[in-house]
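So you can see what is in the structure, the chains are spelled out below.
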Amino acid sequence: AFFWLLSLLAASLLWFVSGQLSGRGDAELLLLGAAAAVLLQELCRFACFKLLKKADEGLATLSEDGRSPISLQQMAYVSGLSFGITSGIFSIINILADSAGPGTVGIHGDSPYFFITSGEARGHGKEGEEGEGSGSEALFPPTAFLTMALVLLHTFWGVIFFDACERRRAGGLGLVVGSHLLTSGLTFLNPWYEASLGPILILTLCTGLWAFGTAGGSFRKVLKCLSCK
């Protein structure tokens, strides 16, 4: 979680400096900013791997049998899950704050799927006067389903990324970074949710199967687990 927060801080500073130097509007820098944020997250994930690898070697040195009590898969899972939870909190916190009002979601033909995807908040002010839900019209990041997908994706990416680093597989690293960029890019299709949320959920399922195989899982082991043998 700390490394994800570092990437967020670095991306925020880069966004601020770029805006000041270029003089362009936020909309023009949005695509580049999103891509830079993804790359910074993956860079911090790599730094997390290196740090945990050093800690794992230290634990192995201190143990009696020369083995670390924590496996690489466990470290990858915990790291990915912490990345995902922190990312999910930052994705949904503004939506939860805005849902407290004032305003009503759905006025002026806005999407009725605001809280499960994303949308614009407009509503009625006091005494029935039309107003905006939270001061100004704004596009919000995807909430329930997309937040769930991002938490799962970061968990799966952590498992795949750590395995690729350990085995020095550049292809695996490239696929993780590429799928992360693709997921971030698909969110720009909102509020066309059919074109963004659907592919992201499919990508989540495929990445989950990939991570499952990377961690040593198989269909035979699943059947053995379900049969309690």
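Rules used in this analysis
- Residues numbered from 1 in each chain as written.
- Predicted model: local features only at pLDDT ≥ 70, side-chain atom pairs only at ≥ 80, totals over all residues.
- Heavy atoms only, no water.
- Helix = DSSP H or I, 4+ residues; strand = E, 2+ residues; numbered from the N terminus.
- Buried < 20%, exposed > 50% of the residue type's maximum accessible area, 1.4 Å probe, protein only.
- Areas by Shrake-Rupley, 256 points an atom, 1.4 Å probe, with all protein chains shown as cover.
- Core = buried A, V, L, I, M, F, W, Y, C linked by side-chain atoms within 4.5 Å.
- Contact = heavy atoms within 4.5 Å.
- Salt bridge = Lys/Arg side-chain N within 4 Å of Asp/Glu carboxyl O.
- UniProt positions renumbered as here; feature names shortened; annotations may be inferred.
- Patch = residues over 30% accessible without salt bridge, like charges linked within 9 Å, V, L, I, M, F, W, Y side chains within 5 Å.

**Details of the overall build of the protein**
- A count of helical and extended segments in the protein gives seven helices and two strands.
- The helix and strand sequence of the protein, counted from the amino end, reads α-α-α-β-β-α-α-α-α.
- Put simply, the protein has 229 residues, and 35% of those count as buried.
- A total accessible area of about 13,500 Å² is found for the protein, and carbon and sulfur atoms account for 67% of it.

**A word on the nonpolar core**
- Among the nonpolar cores identified, the biggest contains 25 residues, and Phe162 and Ile200 are the most heavily contacted of them.
- If you list the elements that add at least two residues to this core, you get α1 (2-22), α2 (26-62), α3 (72-99), α4 (144-167), α5 (170-186) and α6 (193-214).
- Looking at which element gives the most residues to this core, the answer is α4, with 11 residues.
- Not counting residues up to four positions away in its chain, the partners in contact with Ile200 are Leu146, Ala149, Leu153, Thr183, Leu186 and Thr187.

**With respect to the pattern of salt bridges**
- Tallied over the entire structure, the rule returns three salt bridges.
- One salt bridge connects Arg45 with Glu42, and the closest N-O pair in it is separated by 2.9 Å. Placement of the pair is Arg45 and Glu42 together in helix α2, with a separation of three residues, close to one helical turn. For the pair Arg45 and Glu42, a shared accessibility class is recorded, and that class is buried.

**Digging into the UniProt feature "transmembrane region" (unreviewed entry) in the protein**
- Cross-referencing UniProt, the feature "transmembrane region" (unreviewed entry) maps to residues 29-48, 76-97, 144-165, 172-193 and 199-219 in the present numbering.
- Span residues 29-48 is 100% helix and 0% strand, its end C-alpha atoms 28 Å apart.
- Helix makes up 100% of residues 76-97 and strand 0%, whereas the separation of the span's terminal C-alpha atoms amounts to 32 Å.

**Description of a nonpolar patch on the surface**
- There is a patch of nonpolar side chains on the surface, built from Leu5, Ile85, Ile89, Phe90 and Ile93 and spanning about 440 Å² of accessible area.
- For the nonpolar patch, the element with the highest residue contribution is α3, accounting for four residues.
- Mapping Ile93 onto the fold places it in helix α3.

**Let's talk about the side chain of Ser79**
- Among the secondary structure elements, Ser79 is positioned in helix α3.
- Those residues within four positions of Ser79 in sequence are excluded, and the remaining contacts are Cys48, Leu52 and Phe162.

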